[in-house]
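# Observations on the model geometry
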Amino acid sequence: MPFKRTRTGCLTCRRDGYKCDEQKPFCGRCVRLGKECTGYGLQLRWQSPTKPQKDGKAPKEGTRRRRASPASFSRRPPRYPAVSVSPRAMSSGIPSQYAYLLHHWSTNLASLITMSPTPANQFHTHITPMAEGSPSLSAAICFMAARHLSVLKADSSLLNISTQLQTQAIGTLRNTIHTENPLISLAVVVVLQITDQLFTTDSGVNHLKGAKYIIEQAGPEIMNCDAGVFLTSVCLYHDAVISVSKRTPPILGIRDDIPFLEEMKPIGSLKILWEIIGEISSMSNQDSRLFDIQGANIERNLRTLDTCASHEGDAGHTIHAYKEAAYIYLHRVWHNVGSPHPSTLKHARDCLNHLFEVPVSSPLVSAHALPLWTAACETIDATLRDLVRKRVRAMYELRHLPSLQRLEQDIEDVWDIKDRERTATGIDKVDCIRAILAIRQRGADLV
């Protein structure tokens, strides 16, 4: 029976072209068919600004993006100085009843997602002040806060609120992206990307495409302020992680032109490692004649880091855990070698031991999911596996981020698959990432 198409059904039913009964939090059709109900709200699709119009005509004169003036990118003082912003001041465009969400962001959530090794929280320094006067950024922050509180309070009504806020953030961004300061638009995209990754919203949108568009349109001036450097660095981190979880080349490409903030210098080598990880992910698309050359170059760069990277404190342990994880990832992509090969087992053991040295309360643990996954999946030692379980659960108990629960389940599933493979054949050729892609129809949660 024909029905009037609406835009209010769940995203899964709209994608499949079926009528949705709009039950919440999960619609009846998705529950009945065992499908993953991806929620309600607007879909955001990022398109290349150079894509021609359907009628073949060029855009009308005067419709080009209005860029912010160069003065808005000045490094000293920054466009958005670090100040203490109250929830009331941040709540422009947000109903007053949502002030508690902004308060949760200010007092709790922002401190759980930062990886800054210094007392200064980079999210408060660079993102919170921008929310004043920006309905899209305020809504995006509230969207993340509502998602987190729904976990803490086990309150499904907060999921409905979060969907409304997500719709508001995306809708406002659509209307302002060509006129608003690109730093604010980039901050909105970053918050949406982090929320998707940490709270497994499964929106089906890769917001990094939007980040790439904003960065390219803004030009190099966006790097002339600390906020721009911070936001772009966050994008590079997520780009590297997603390139691993989906085994695809990075969207932003290898960006060695991005500086590191002074207060982030203790983990400066991490940026190099994110770039190396992105290069490894790109190897699958490499010409066969250059495949071995690129693999050898990456291995040489990793050996260089062995001698020059810091060995001190939580930052040193984190850097060397990433380095060991990069070796594991490289050898899997390059030679399809994993455990029980002695070198893989050694890299996995060393990586985990470095991670276990960092207190679970350290901000750097926010960046540990990727190396933890990479090393844990390759370990066959029962004691180390138990320590991995305890570590992930401790990370969850402190942060209550759903991505950590899925991380633990993904690791357990990979262990089961690899153990059965070794028992049956005596060898292990299981690619952990491809295993999760096959059984989950999604990438592993590595943020």
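This one's a predicted model, so the numbers in the text were calculated from it and none came from an experiment.

## What to know about the overall build of the chain
Helix and strand counts for the chain stand at 18 helices and 0 strands. Across the 447 residues that make up the chain, the buried fraction comes to 54%. In the chain, once contacts between residues fewer than 6 apart in sequence are set aside, the share between residues at least 24 apart is 71%. Put simply, the chain shows about 20,400 Å² of open surface, and 52% of that area lies on carbon and sulfur atoms.

## Details of helix 4 (residues 99–113)
Under the 1.5 Å per step criterion, the end-to-end length of helix 4 is 20 Å for 15 residues, consistent within 8% with the ideal 21 Å. Taken together, the buried positions of helix 4 are Leu101, Leu102, His104, Trp105, Leu109, Ala110, Leu112 and Ile113.

## So, the side chain of Asn181
Residue position: Asn181 is located in the loop between helix 7 (157–176) and helix 8 (182–198). On the basis of relative accessibility, which here comes to 10%, the residue Asn181 falls in the buried class. A polar side-chain atom of Asn181 sits 2.9 Å from the main-chain amide nitrogen of Leu183.

## Section: the side chain of Asp196
On the secondary structure map, Asp196 appears in helix 8. Notably, Asp196 is buried but unbridged: the nearest opposite-charge side chain belongs to Arg147, and the N-O separation is 7.4 Å.

## Description of the packing of aromatic side chains
All chains considered together, the criterion is met by 3 aromatic pairs. Taking the centre distance of 6.2 Å and the plane angle of 85 degrees together, the rings of Trp105 and Phe123 count as edge-to-face. In this pair, Trp105 sits in helix 4 while Phe123 sits in helix 5 (residues 122–126), placing the two residues 18 residues apart along the sequence. The class for Trp105 is buried, based on a relative accessible area of 0%. A ring pair is formed by Phe123 and Phe230, whose centres lie 5.3 Å apart and whose planes are at 90 degrees; its orientation type is edge-to-face. Taken together, the residues Phe123 in helix 5 and Phe230 in helix 10 (residues 226–245) connect sequence positions 107 residues apart. Both residues of the pair, Phe123 and Phe230, count as buried. Taken together, the ring pairs connect Trp105, Phe123 and Phe230 into an aromatic cluster.

## Quick word on unusual backbone geometry
Following Ser339, the chain continues to Pro340 via a peptide bond in cis, the omega torsion being 10 degrees. For Arg247, which is not glycine, the phi torsion reads 50 degrees and is therefore positive. Its location among the elements puts Arg247 in the loop between helix 10 and helix 11 (268–282). We classify Arg247 as buried; its relative accessible area is 9%. Despite not being glycine, Asn336 has its phi angle at roughly 55 degrees, a positive value. Locating Asn336 in the fold gives a position in the loop between helix 13 (313–335) and helix 14 (342–356).

## A word on empty space enclosed by the protein
Picture a little ball the size of a water molecule; that probe, rolled over the atoms, points out where space is still empty. What the rule picks out here adds up to 6 cavities of 30 Å³ or more. For the largest cavity, the lining is made up of 27 residues, of which Ile113, Thr114, Met115, Tyr237 and Ser366 are closest to its centre. Of all elements in the fold, only helix 4, helix 8, helix 10, helix 16 (382–399) and helix 17 (402–425) reach the threshold of two or more residues within the lining of the largest cavity. Among the elements that make up the lining of the largest cavity, the one with the highest residue count is helix 10 (6 residues). Lining the second largest cavity are Val244, Arg247, Ile328, Tyr329, Arg332, Trp373, Thr374, Cys377, Glu378, Asp431, Cys432 and Ile433. Only helix 13, helix 15 (369–378) and helix 18 (432–440) provide two or more residues apiece to the lining of the second largest cavity.

About the criteria used
Residues numbered from 1 in each chain as written. Predicted model: local features only at pLDDT ≥ 70, side-chain atom pairs only at ≥ 80, totals over all residues. Heavy atoms only, no water. Helix = DSSP H or I, 4+ residues; strand = E, 2+ residues; numbered from the N terminus. Buried < 20%, exposed > 50% of the residue type's maximum accessible area, 1.4 Å probe, protein only. Contact = heavy atoms within 4.5 Å. Areas by Shrake-Rupley, 256 points an atom, 1.4 Å probe, with all protein chains shown as cover. Expected span 1.5 Å × (residues − 1). Polar contact = N/O pair within 3.5 Å; in protein donor to acceptor, adjacent residues only side chain to side chain. Lys, Arg positive; Asp, Glu negative; His and termini not counted. Salt bridge = Lys/Arg side-chain N within 4 Å of Asp/Glu carboxyl O. Phe/Tyr/Trp six-rings, centres within 6.5 Å; stacked < 30°, edge-to-face > 60°. 1 Å grid on protein atoms, 1.4 Å probe; cavity = no way out; pocket = protein on both sides within 12 Å on 5 of 7 lines; lining within 4 Å. Points joined across faces, edges and corners; volume = space filled by probe spheres on them.

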